[in-house]
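A structural walkthrough
One-letter residues, chain by chain:
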Amino acid sequence: MNKKNDLDLENLDQIMDLVGELLINKSRLETLETFREEGKDVLSQLDRITAELHDKVMKVRMVSLTNIFQEFDEIIENNEKEINLVLEGQEIKVDRAMINKLADPLTNLLKSLTNNIEKEEIRKNMGKDRKGKVSVRAHKTGNEVIIEFEDDGKQINLDELEEKIVINNFVSKEELKKMSIEEKYNLLLKDNISAEKLLDDIDKKITEIKKAKEIIERLNGKLYLELSENQNFKIVITIPLKFAITEALMVKIDGDLFAIPLEMVSETKRISNSEIKKVKNKDVINYRENTIPLIDSYDFLDFKKQENESSDSEIEVVIVNSGKKSAALRVDELLNQQDIVVKSLGDLLSSTKNIAGATIIGDGEIALIMDVRDIA
Amino acid sequence: MSETDNNFAKKQYITFSLGQERYGIELKEGKEILLPPEITRVPHTPKYVKGVINLRGGVITVLDFKDILGIDNDAIYNEEDKRIIITNIAGIVSGFMVDQMQGILTFSSEDIETENKNEMNSEFIKGIYTEGSEVIPIIDLKRLISSRKEAI
């Protein structure tokens, strides 16, 4: 990406911040008594304009994956081996900042896939197509973009992998038996397991995948290996689509404000102390005929609690759900629901445990956004 | 001619106090100096992460030089003297707490002693500038930021 693009991005970021502030101030106006009576028309106009402005700025920020994929053709052409490249989903749009950060890891991944294709001679002897095949397929779900990389070159030899895993004591024989093929494959990506020790044939490709994994995870995305329809393994990358604005429930914990995205919240409740039961020495409550864990937000956030505070006969909890699991999160105080502008915590703190980002609320105060995915 | 081509080129350095000692960073690494605003703590982070601040609508991480460099936390300065230096290192904008600003110095990079920097016992010092009896270690921000990026 050239310098000019970066500068544009900086301007766009600033416009985005300004739009965010505009939205915040609009919601402050909405709470003012005087505006409720006489200013209703103005407010609804302002509402429409800010929403449209936000939408337009977001659209300007989005660029298609073509920006990255177009380089792939070149890489394939410059390769001495004959390779068939299948690209799908180039038209999917992702935030500019994300495209800039994804370009290098994805390009390196493609290069390692092309290197993984055997020479024509070898392919012929193995009964494979003379021409190698590399595919990159992107598609979109509700809140993420999924990109899958696959090649029909050298594959993981499962027997060899299993044998080496046991020899190197990475996992015991008993544990290995319980694992699915995909779980065994994904052992290769673990930090403390070196691919060279396991498979010398495709270790270069695995090393490259691990590098990409690290970068993708820093962007709050995921990377893992999956079995493909052809019984090869494919690399699956998921990237969160940045919805810069989301609805959140605001809560107070130890004097600080926190936001919990509403998509994670089932409901809020007051429960009496007598409803708290113990299972295996852990607090649980009954919720819709299920027993769910009761988690104290002080533990979740590693805050120290003053001992003498637990005299209340009732506590306030947020029922959060992550996938199929639910949990009750005990907070000090339940506040309002509001639209928040999601901001990253920056390169240094972006992988902080249980925190997904930050937002700035009306008076300039920062509220951290809780990540409750790992709560239950 | 670019700066890096010429070792004799003079550079400017921002200097500041950390506990009893005076330290410096390159002026061009600094973006601005702030009176510390309200800092929001971030859970599950190491001690040297003071938290995050709102800088004109952006969320900026604030780190403590003293905790990173292992300098004693002597309370010899007033709270009012404390400042946050906002830096931009390879696109990563962050803030650093210092006890007191000490002004800007200009000297050429050959005036910076790099030989005995190991005596400083810190991997984040790239050299030492000596002015009279005063010793001013120059902090290697690039190294510091990239190592923190790995660590946190």
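Structure's up top.
Parameters and conventions
Residues numbered from 1 in each chain as written. Chains lettered and ligands numbered in written order. Predicted model: local features only at pLDDT ≥ 70, side-chain atom pairs only at ≥ 80, totals over all residues. Core = buried A, V, L, I, M, F, W, Y, C linked by C-beta atoms within 7 Å. Buried ≥ 20, exposed ≤ 12 C-beta atoms within 10 Å, placed from the backbone. Helix = DSSP H or I, 4+ residues; strand = E, 2+ residues; numbered from the N terminus. Domains from an automatic or database assignment. Contact = placed C-beta atoms within 7 Å. Axes fitted to C-alpha atoms, helices over the stretch in contact; angles between N-to-C directions. Parallel < 35°, antiparallel > 145°, perpendicular 65-115°, else oblique. Left-handed = near helix turned anticlockwise from the far one by under 90°. Nonpolar A, V, L, I, M, F, W, Y, C, P; charged D, E, K, R; others polar. Pairing = 2+ DSSP bridges.

**A word on the nonpolar core**
Within the largest apolar cluster, 70 residues are counted, with the highest numbers of intra-cluster contacts made by Ile-260, Leu-329 and Met-370 of chain A together with Val-52 of chain B. Looking at this core, the element that brings in the most residues is strand 18 (residues 366–370) of chain A, giving five residues. Residue-level mapping places this core at the junction of two domains, with at least three residues from each of domain 1 (3–61) and domain 3 (245–370) of chain A. The residues contacting Val-52 of chain B, other than those within four sequence positions of it, are Leu-345, Ala-358 and Ile-366 of chain A together with Thr-40, Val-42, Val-59, Ile-60, Thr-61 and Val-62 of chain B. Membership of the second largest hydrophobic core comes to 33 residues, among which are Ile-76, Val-94, Ala-138 and Ile-156 of chain A.

**Looking at the packing of helix 5 (residues 96–115) of chain A against helix 11 (residues 203–218) of chain A**
Residue and element names in this part refer to chain A. Running from amino to carboxyl end, helix 5 crosses helix 11 at an angle of 165°, the nearest separation of the two axes being 9 Å. On the basis of the axis angle, helix 5 is roughly antiparallel to helix 11. For helix 5 against helix 11, the interelement crossing comes out left-handed. Contacts between helix 5 and helix 11 involve Pro-105, Asn-108, Leu-109, Ser-112, Leu-113 and Asn-115 on the former and, on the latter, Lys-204, Lys-205, Glu-208, Ile-209, Lys-211, Ala-212, Ile-215 and Ile-216. Partitioning the contact of helix 5 with helix 11 into residue classes produces seven nonpolar, three polar and four charged.

**Quick look at the sheet that holds strand 5 (residues 58–64) of chain B**
All names here are of chain B. In spatial order, the strands read 3-6-7-5-4; together these five strands make up an open sheet with mixed pairing. Of all strands in the sheet, those with a lone pairing partner are strand 3 (30–34) and strand 4 (49–55), marking the two edges. The mean angle between the axes of side-by-side strands here comes to 30°, regardless of whether they run parallel or antiparallel. Here four bridges tie strand 3 to strand 6 (residues 83–89), and the two strands are oriented antiparallel to one another. Bridging across to strand 6, Glu-32 finds its partner in Ile-86.

**Some points on the interface of chain A and chain B**
The interface is formed by 22 residues belonging to chain A together with 18 residues belonging to chain B. Secondary structure elements with two or more residues in the side of chain A that touches chain B: helix 1 (3–31), helix 13 (346–349), strand 17 (355–360) and strand 18 of chain A. Of the residues contributing to the side of chain A that touches chain B, the split by class is ten nonpolar, five polar and seven charged.

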